[in-house]
Amino acid sequence: MQYNAIGKEDYEEPVCPFCKPDQIETIPVDRVIEKLDEYLHKNDYAGAERHLRYWLCEADAHGDSRGALTVLNEQIGLYRKISREPEGLAAVDEAMRLVHECGLDGTVTMATTWVNAATAYKAFGKAKQAIPLYRQAQAIYESALAPNDAKLGGLYNNAALAFMETGDYAEAQALFEKALRVMTQNGSLLEMAITHCNLADLVAAEYGTDEGEAQICAHLDRAEALLNDPAVVQNGYAAFVYEKCAPTFGYYGYFLTEKDLLKRSKELYERT
């Protein structure tokens, strides 16, 4: 499963100006993320939480501000997924503070943190608060990243959901279409399926389920085809996406598809 985690290229940006390099002992970020993925692929959220808390304490104890920022970004995603608003918002506040403290304004690291923060705000019912952060992140990503970078696809998709919640359907539609263009270039089948499910919800929100039935069905049929594509790697992330998409199919009457996706998700979680 992916949480827009800060990548190695971000982690290797200039050190925090308030820290002396010879006093910093960095945490093993790659190993921390690898172990976190193991917990998430097993649906072991309690283990993932303990793991991240431990390494955040280690980063703080050794003055590793950049390592702490990486862990905080992962905490934001975890607490968002398990609906722990107080802890999630606390992680957001601390991550945003560290971005400024370490002089990372205007960097891809800042944009990634802003995306995570905005997505948490949206998940916790604060879509209006999320939109300015998405806008700032979009400006940085579009100037710093390749047009087919996966981070852009994730940004567009999540920002579109915030605009959909605030009733700006035209902006949401435009962002979903941008997301699909990026994902098509990358061959990101699961992400494309999620976006088509989101587009079905957008049509329903704007036109209603009766008037928008044909468009809704078209998006769901496309999403189902993508989820069933033989090229999809059958791992913990696929399990997460199947579980995430299943209720959307059920809501629109695709009950067999919903049942099948939940069954496949459960089997994959058990296998991993």
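For every chain, the first residue of the written sequence is number 1, and numbering continues from 1 onward in sequence order. Given that the model is predicted, a residue must reach a pLDDT of at least 70 before its local features are reported, and side-chain atom pairs must reach 80 or more before they are shown or counted; all residues, however, enter totals for whole chains, interfaces and linings. Hydrogens and water molecules were not included; the side-chain quantities draw on all heavy atoms of the structure.

### What to know about the pattern of salt bridges
Salt bridges are defined by distance alone: a side-chain nitrogen of Lys or Arg within 4 Å of a carboxyl oxygen of Asp or Glu. In the structure shown here, the tally under the stated rule is 10 salt bridges. Between arginine 53 and glutamate 49 there is a salt bridge, with the nearest N and O atoms lying 2.9 Å from each other. Linking arginine 53 with glutamate 49, this pair stays in helix α3 (residues 45-61), spanning four residues, or about one helical turn. Arginine 97 serves as the salt-bridge partner of glutamate 101, at 2.4 Å between the closest nitrogen and oxygen. We count a stretch as a helix when DSSP gives it H or I for four or more residues in a row; a strand needs E for two or more, and each element gets its number in order from the N terminus.

### A short note on helix α8 (residues 150-165)
A turn of α-helix holds 3.6 residues, and therefore any two residues three or four places apart point the same way. Expected helix span is taken as 1.5 Å per residue step, with the number of steps being one fewer than the number of residues. Helix length check: α8, at 16 residues, gives a terminal C-alpha distance of 23 Å against a target of 22 Å (1.5 Å per residue), a fit within 8%. With a 1.4 Å probe rolled over the protein chains alone, any residue whose accessible area is under 20% of its type maximum counts as buried; one over 50% counts as exposed, and the rest are partly exposed. With 14 of 16 residues buried, α8 is to be regarded as a mostly interior element. For this analysis, a polar contact is any N or O atom pair within 3.5 Å, provided that within protein one partner can donate a hydrogen and the other can accept it, and provided that sequence-adjacent residues contribute only side-chain to side-chain pairs. Between the side-chain oxygen at the start of α8 and the backbone nitrogen of lysine 151 there is a gap of 2.8 Å, and the oxygen is on aspartate 149. Positive backbone phi, approximately 90°, marks glycine 167, located one or two places after α8.

### Structural notes on the confidence of the model for the chain
Per-residue pLDDT for the chain has a mean of 91; in total, 91% of the residues score no lower than 70. Every residue gets a pLDDT, meaning the predictor's confidence in that residue, from 0 to 100. Should any heavy atoms of two residues lie within 4.5 Å, those residues are counted as being in contact. With pLDDT under 50 throughout, residues 1-22 is counted as low confidence; its partners more than four residues away or in other chains account for 61 contacts.

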